[in-house]
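# Topology and contacts: notes
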Amino acid sequence: MKSSAPLSRPAVLLVEDTLSLQMVYRSILATSGHRVAVAATAAEGLDQFRTHRPMVVLLDLMLPDRDGLEVMQEIQSIQPETRVIAITANGSVNRAVEAMRAGAHDFLVKPFDEGRLLSAVQNALSEAGPRDAVKPADPSASATRSRDASQIADGSGFIGSSEAMNRIHGTINSVARSMATVFITGESGTGKELCALAVHANSNRAAGPFIALNCGAIPQDLLESEVFGHMKGSFTGAISDKQGAATAADGGTLFLDEICEMAPALQTKLLRFLQTSTVQPVGATRPRKVNVRIVCATNRDPLDAVRRGHFREDLYYRLYVVPIHMPPLRDRGQDILEIAEAALSRFAQEEGREFHGLDPVVRNLMLSLPWPGNVRQLLNVMRNVVVLNAGGWVTPDMLPPGLADESRPADPQPLALATPEAFTSDSLLGLPLAEAERRLIEATLALHGGSIPKAARVLDVSPSTLYRKIEAWNARAS
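Structural notes, computed from the coordinates. (Residues numbered from 1 in each chain as written. Predicted model: local features only at pLDDT ≥ 70, side-chain atom pairs only at ≥ 80, totals over all residues. Heavy atoms only, no water.)

### Side note on the overall build of the protein chain
Counting its secondary structure elements, the protein chain contains 18 helices and 15 strands. Expressed as a percentage of the 478 residues in the protein chain, the buried residues total 51%. Counted over contacts in the protein chain with a minimum sequence separation of 6, partners at least 24 positions apart contribute 73%. A total accessible area of about 22,000 Å² is found for the protein chain, and carbon and sulfur atoms account for 52% of it. (Helix = DSSP H or I, 4+ residues; strand = E, 2+ residues; numbered from the N terminus. Buried < 20%, exposed > 50% of the residue type's maximum accessible area, 1.4 Å probe, protein only. Contact = heavy atoms within 4.5 Å. Areas by Shrake-Rupley, 256 points an atom, 1.4 Å probe, with all protein chains shown as cover.)

The following block contains the structure:
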């Protein structure tokens, strides 16, 4: 790494109060050619930091004289470009996650091996220093999609001024420049990949490749090859060497969509990749180092997948550092109209048509629709309107047939089996779990005047979960 600092100035500061570990870590780093300053307390660490101004700080979060998070925040206030790597004990992973959300570049959980330590430090130094030219993505990687960050401008679904979207933009601005893994959840069609692109576009890796891999769209027996690559002759059909998505994303961002669909065997290898930052293609004898930032997404509940044994718990906690939930379109209020009008303008320009905007009746109708396909469905509707009509104001007769029939009240009511007055814990005894859950939900809705968003907040679930359950009950009743 090139640096403007004098050669005698340490590039890494290690703040570790356990002297035996301090000696081990310092020896590993020094043997690998890193210039290291050490400290055993917060006060000493801050003195060393002010003196040497290192680009990377390895910071134990459990210090004898001060909270490690406070020290990290003071370091960042003195020199914001410093990359802090948080160190925590195995039983304090939540502290590491808290540090990542507060701006830490990476974290290490004791005990960690030499490779993980060196990988974390090297990645941090690479991010802190001047960027070299970034290797472009391999166009032959058929299962991956390399997307330019400028495509966000074309993603009309990632606009909106609702409170939910403002929170998402704030989270992206806070986390984009760190190495923290971002875990995006949300229903299909809500714009999870656009969110991942926004994280990439606002990061120090924006000039690098953005490689998207859909783990649910690739046969399980080919998934390892698509992620890590393979060597010629490593299996039947491997007629040439192939670069995997992880290697193609070197210097940039790897987006793993539908991560919960990944086979258990590959989850183990992905965890190893996250710990070592090394890739070993199928059939290769040696691994190679890569510098990749991971963003992943799923339309399932990842914690439920862990409980069911479909997703590794250790991999979940490794990936679920900064969660971002993309809300369903029906919960975004006026964003529906903003997206529709932006899409109308863009599609009209592409098709050479002239549209004035949405008729008031259409605007009210769009706000009342449930949009089960979310933003993707709305964009398809607007494309249909532009292609099949000459222009002017968008009126109800221009909309696809049957769309108006999908309109719903703002808060659909379930079948009333329970009221707040009649609902008691005793009334649930002897009932099947599904029936008990239904009565609890209905009683909560009744207590809050049928408002699904309010009931969802009380029950600590997303409104979309309640909508799906109510629709399923009504479908069975009919």
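Picking up after the structure, the text goes on.
### Observations regarding empty space enclosed by the protein
Applying the stated criterion across every chain yields a total of two cavities of 30 Å³ or more. Lining the largest cavity are 14 residues, with M179, T181, L274, V292 and R318 positioned closest to its centre. Listing elements by their share of the lining of the largest cavity, those giving two or more residues are strand 5 (106-109), helix 5 (114-128) and helix 10 (264-276). (1 Å grid on protein atoms, 1.4 Å probe; cavity = no way out; pocket = protein on both sides within 12 Å on 5 of 7 lines; lining within 4 Å. Points joined across faces, edges and corners; volume = space filled by probe spheres on them.)

### A look at the pattern of salt bridges
Oppositely charged side chains can form a pair if their charged atoms are brought close together. Enumeration according to the criterion identifies 18 salt bridges in this entry. For D106, the salt bridge identified is with R116, shortest N-O distance 3.1 Å. You can see D106 sitting in strand 5 and its partner R116 sitting in helix 5, a full ten residues away along the chain. When sorted by exposure, D106 lands in the same class as R116, which is buried. The partner of R167 in a salt bridge is E163, with the nearest N and O atoms 3.1 Å apart. Residue R167 and its partner E163 are located together in helix 6 (residues 163-175), separated by four residues, close to a single helical turn. (Salt bridge = Lys/Arg side-chain N within 4 Å of Asp/Glu carboxyl O.)

### As for the packing of helix 16 (residues 433-447) against helix 17 (residues 452-459)
The geometry of helix 16 relative to helix 17 is characterised by a closest axis approach of 9 Å and an angle of 125 degrees between their N-to-C directions. Considering their axes alone, helix 16 and helix 17 lie oblique with respect to each other. For the pair helix 16 and helix 17, the sense of crossing is right-handed. Taking contact as the criterion, the partners of L440, I441, T444 and L445 in helix 16 are, on helix 17, I452, A455, V458 and L459. When grouped by side-chain class, the residues that make up the contact of helix 16 with helix 17 number seven nonpolar, one polar and no charged. (Axes fitted to C-alpha atoms, helices over the stretch in contact; angles between N-to-C directions. Parallel < 35°, antiparallel > 145°, perpendicular 65-115°, else oblique. Left-handed = near helix turned anticlockwise from the far one by under 90°. Nonpolar A, V, L, I, M, F, W, Y, C, P; charged D, E, K, R; others polar.)

### Observations regarding unusual backbone geometry
A positive phi angle, near 50 degrees, is found at E258, a position not held by glycine. Assignment of secondary structure puts E258 in the loop between strand 9 (253-257) and helix 10. The class for E258 is buried, based on a relative accessible area of 14%. One non-glycine residue, W371, lies in positive phi territory at about 45 degrees. Examined against the element boundaries, W371 turns out to sit in the loop between helix 14 (360-368) and helix 15 (374-388).

### Structural notes on the nonpolar core
As a rule of thumb, nonpolar side chains are buried together in soluble globular proteins. Core analysis: the largest hydrophobic core is formed by 45 residues, its most contacted members being F158 and I184. For this core, the leading source of residues is helix 7 (residues 192-201), giving six residues. Not counting chain neighbours up to four residues away, the residues in contact with F158 comprise M165, I168, H169, I172, G191, L194, C195, A198 and M326. Counting residues in hydrophobic clusters, the runner-up holds 33 residues, among them I211, L254, L270 and Y316. (Core = buried A, V, L, I, M, F, W, Y, C linked by side-chain atoms within 4.5 Å.)

### Digging into helix 1 (residues 19-31)
Along its 13 residues, helix 1 runs 18 Å from first to last C-alpha, staying within 8% of the 18 Å computed at 1.5 Å per residue. Along helix 1, the residues that are buried comprise Q22, Y25, I28 and L29. Considered in projection along helix 1, the buried side chains sweep an arc of 135 degrees and stay on one side of the axis. Counted as exposed and oriented over 90 degrees from the buried face of helix 1: L19, M23 and T31. Positive backbone phi, at 95 degrees, marks G33, one or two positions downstream of helix 1. (Expected span 1.5 Å × (residues − 1). Arc of directions from axis to C-beta.)

### A few points about the environment of V362
By the secondary structure assignment, V362 is in helix 14. When its relative accessible area of 0% is taken as the criterion, V362 is described as buried. Sequence-wise, V362 and T395 are 33 residues apart; in three dimensions their C-alpha atoms are separated by 6.1 Å. Ignoring anything within four residues of it in the chain, the contact list for V362 reads V394, T395, P396 and L399.

### Some remarks on the pairing of strand 8 (residues 210-214)
Most of strand 8 sits out of view: four of its five residues are buried. For strand 8 and strand 9, the ladder comprises five bridges, and the chain directions are parallel. If you follow F210 over to strand 9, its bridge partner there is T253. (Pairing = 2+ DSSP bridges.)

### Description of the environment of L194
Mapped onto the elements, L194 comes out in helix 7. Residue class for L194 comes out buried when judged on its relative accessible area of 15%. Taking C-alpha positions, L194 is 6.4 Å from F158, a pair spaced 36 residues apart along the chain.

### Considering the packing of helix 13 (residues 335-351) against helix 14
Following both chains from N to C, one finds helix 13 and helix 14 inclined at 125 degrees, their axes separated by 9 Å at the closest point. Of the possible angle classes, the one that applies to helix 13 and helix 14 is oblique. Remark: the crossing between helix 13 and helix 14 carries right-handed chirality. Taken together, the residues of helix 14 that come into contact with helix 13 (itself represented by I336, L337, A340 and E341) are R363, M366 and L367.

### What about helix 16?
In this model, helix 16 (15 residues) spans 21 Å end to end at C-alpha, consistent with the 21 Å of a helix rising 1.5 Å per residue. Along helix 16, the positions that sit buried rather than exposed are A436, R438, I441, E442, A443, T444 and L445. One or two positions beyond helix 16, positive phi appears at G449, with a value near 65 degrees.

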